[in-house]
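Given next are the chains, with one letter for each unit.
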Amino acid sequence: MAVLITGGAGYIGSHTCIELLNAGYEIVVVDNYINSKQESLKRVGIITGKDFKIYNVDLLDAVGLENVFVENNIEAVIHFAGLKAVGESVILPLWYYHNNITSTVILCNIMKRFDVKNLVFSSSATVYGIPDRFPVSEGFPLRAMNPYGRTKLMIEEILRDLYESDHSWSIALLRYFNPIGAHGSGLIGEDPNGIPNNLMPFITQVAVGKLNELSVYGNNYPTIDGTGVRDYIHVVDLAAGHVRALEKVSKFTGVDAFNLGTGKGYSVLELVSAFEKAIGINIPFKIVNPRPGDAPICFADPSKAKRELGWVAEKDIEEMCEDSWRWQANNPNGYNNHSELLAEIESPRLLKNSGDFLFNRVH
């Protein structure tokens, strides 16, 4: 029995693959690499010493996706795959609606056909829009303010309707706050294409010299220093939350939402200061115009996840910064130009500690 991971080569997906493999799960990964690289999955195998299947399949390809179910005994799905850049979604809304929503409908249809009804969905705190108060709990009004966020909200509604039509489904909706950090090995991390959309890879690319300075979007918010406040969560903690959610959906039927965050907010400049303190590198920045639709403050009430999933975020802001920098310093060009690093990693001395490594690529 295996867990299907859609978008498993991505930033959060690859870290979740590690947590699942280390917890003893068999996994099958599907990814089309539009926003990811297969190299991340090779490194997942190196870190865990575990074998797993990979399919280069787009979820819009119903025939290709159905073949994955035919060839594997899938018992549950963790659904990460989707386009995720807020700004891009405003420019290309139809692409986002078609890719994110249609692919999810195709996936659920195939799951239903194969009687696979345990699903963990990668949602987002963007479904809350600009909250009226803080911390944000799961019962807050849902009012996404951009096409990306609306695709997440629409998919949540589709999944609720699916459960209402068939009460044998078990679905967890995980609303992420702001994932940062990287695996402690420094082998996998966030590798954005072009100019980063998220704050931490922007900071680390300035630190490594790829970018000259950090752009800070607005400094007139009602916060401690005028910059936006967010709930930053270590990606490894976030990945662990998926394991707990998977355990949950295997034991109950229904559909429910869970915030995954730390419950604490940091401003942009507080995060920059924490990074400078942890790493010892100065990060030059400039203030630019705020982005439309950005909430001044947003941080989670994660108490429901603690109560019902038995999950809490454990890593602090210092560890988030240190692990982000370790990844970027070891991989200044991300997963590109990796031959020298892997030559060192795959030396007999290091492989002795990681176990024999088998890696199957299917299709």
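Preceding block: the structure.
The sections below set out a description of the structure shown in this document. (Residues numbered from 1 in each chain as written. Predicted model: local features only at pLDDT ≥ 70, side-chain atom pairs only at ≥ 80, totals over all residues. Heavy atoms only, no water.)

What follows is about the layout of surface pockets. The volume enclosed by the second largest pocket comes to roughly 150 Å³. Every residue along the wall of the second largest pocket is listed here: E19, V236, D237, A240, R244, G310, W311, V312, E314 and K315. Considering each element in turn, the lining of the second largest pocket owes the most residues, four residues, to helix α8 (residues 235-249). Along the lines of polarity and charge, the residues of the lining of the second largest pocket split into four nonpolar, one polar and five charged. (1 Å grid on protein atoms, 1.4 Å probe; cavity = no way out; pocket = protein on both sides within 12 Å on 5 of 7 lines; lining within 4 Å. Points joined across faces, edges and corners; volume = space filled by probe spheres on them. Helix = DSSP H or I, 4+ residues; strand = E, 2+ residues; numbered from the N terminus. Nonpolar A, V, L, I, M, F, W, Y, C, P; charged D, E, K, R; others polar.)

As a further point, take the sheet that holds strand β2 (residues 27-31). An order of β3-β2-β1-β4-β5-β6-β11 is seen for the seven strands of this open sheet, with the pairing classed as parallel. Only two strands of the sheet have a single partner each, and these edge strands are β3 (53-56) and β11 (254-260). Between one strand and the next, the sheet's axes are offset by a mean angle of 20 degrees, whatever the strand orientation. Sheet topology note: the strand β1 (residues 2-6)/β2 ladder contains four bridges and is parallel. By the bridge assignment, T6 is partnered in β2 with V30. Docked against the sheet, α8 engages β1, β4 (74-79), β5 (118-124), β6 (170-176) and β11, running at close to 160 degrees with respect to β6. (Pairing = 2+ DSSP bridges. Axes fitted to C-alpha atoms, helices over the stretch in contact; angles between N-to-C directions. Contact = heavy atoms within 4.5 Å.)

With that out of the way, let us pick up the nonpolar core. I5, I27, V29, F52, V120 and L174 are the most contacted members of the largest nonpolar core, which totals 42 residues. With seven residues, the single largest contributor to this core is α8. Sequence-distant contacts of L174, that is, excluding residues within four places in its chain, are made with V120, F121, S122, S123, S124, G241, H242, A245, F258 and L260. Grouped together as the second largest cluster of nonpolar side chains are 30 residues, L4, L107, V255 and A257 included. (Core = buried A, V, L, I, M, F, W, Y, C linked by side-chain atoms within 4.5 Å. Buried < 20%, exposed > 50% of the residue type's maximum accessible area, 1.4 Å probe, protein only.)

Summed over the entire model, instances satisfying the criterion amount to six aromatic pairs. Of note, K264 hangs over the ring of Y266, and the distance from its end group to the ring centre comes to 5.1 Å. (Phe/Tyr/Trp six-rings, centres within 6.5 Å; stacked < 30°, edge-to-face > 60°. Lys NZ or Arg CZ within 6 Å of the ring centre and 35° of its normal.)

Attention now moves to the sheet that holds strand β9 (residues 229-230). Pairing in this open sheet of three strands is mixed, and the strands run β12-β9-β14 from one edge to the other. Where the open sheet ends on each side, the last strands, each with one partner, are β12 (266-267) and β14 (297-298). Where β9 meets β12, two bridges bridge the pair, whose relative direction is antiparallel. Across the sheet, the residue bridging to V229 is S267, located in β12.

Relative to each other, helix α1 (residues 11-22) and α8 sit at 60 degrees, their axes nearing to 8 Å. With respect to each other, α1 and α8 are oriented oblique. Considering only the axes of α1 and α8, their crossing is right-handed. For the pair formed by α1 and α8, the contact residues are Y11, I12, H15, T16, E19 and L20 on the first element and V235, V236, L238, A239, A240, H242, V243 and L246 on the second. (Parallel < 35°, antiparallel > 145°, perpendicular 65-115°, else oblique. Left-handed = near helix turned anticlockwise from the far one by under 90°.)

Note that every value here comes from positions in space, so none of it alone points to a role or purpose.
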